[in-house]
Amino acid sequence: VQFVESGGGLVQPGGSLRLSCAASGFTFSKYRMSWYRQAPGKSREWVAVITSAGGSTNYADSVKGRFTISRDNAKNTVYLQMNSLKPEDTAVYYCKSPHDYWGQGTQVTVSS
């Protein structure tokens, strides 16, 4: 099982970023996928989840209405569209399946 996250970077408050996560080593279309994040000095927290076929999503209250999770099962990829970014969204973002593996994450920094 392997995850390769990308798309992070430095963005000003109010800006947008789209994260991608390419998954391999398992049958991607059979599993729900989640995004997590870990801010400096804090524990890792769950951000969003999408069901295997993409028909249902759920979000942490802190990102609801600003972030959108989606997936493309033909590309074994899950996305996180992040709008109206705030400084408190600064963190390393990770995607994850129910398997006990983590990728290297992608750094998102929201700062003016």
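Everything here concerns the structure above.
What you see is a predicted model; the values in this text were computed from it and never measured. (Residues numbered from 1 in each chain as written. Predicted model: local features only at pLDDT ≥ 70, side-chain atom pairs only at ≥ 80, totals over all residues. Heavy atoms only, no water.)

A. Layout of the pairing of strand 10 (residues 106–110). Residues of strand 10 alternate between two faces, with Thr106, Val108 and Val110 buried on one and Gln107 and Thr109 left unburied on the opposite face. Alignment of strand 2 (residues 9–11) against strand 10, held across 3 bridges, turns out to be parallel. Paired with Gly9 across the strands is Val108, a residue of strand 10. Strand direction decides the pairing type here: strand 9 (residues 91–96) and strand 10, joined by 3 bridges, are antiparallel. Counted as the bridge partner of Tyr93 is Thr106 from strand 10. (Buried < 20%, exposed > 50% of the residue type's maximum accessible area, 1.4 Å probe, protein only. Helix = DSSP H or I, 4+ residues; strand = E, 2+ residues; numbered from the N terminus. Pairing = 2+ DSSP bridges.)

B. Here's a closer look at the packing of aromatic side chains. Enumeration according to the criterion identifies 5 aromatic pairs in this entry. Ring plane angle 65° and centroid distance 5.9 Å describe the contact between Phe3 and Phe26, whose orientation is recorded as edge-to-face. Of this pair, Phe3 sits in strand 1 (residues 2–6) while Phe26 sits in the loop between strand 3 (17–24) and strand 4 (33–38), and the two are 23 residues apart along the sequence. Of the two residues, Phe3 and Phe26, neither departs from the other in class, the shared state being buried. Each ring, one from Phe26 and one from Tyr31, has its centre 5.7 Å from the other, and the planes form 70°; the classification is edge-to-face. Phe26 sits in the buried class, given a relative accessible area of 13%. (Phe/Tyr/Trp six-rings, centres within 6.5 Å; stacked < 30°, edge-to-face > 60°.)

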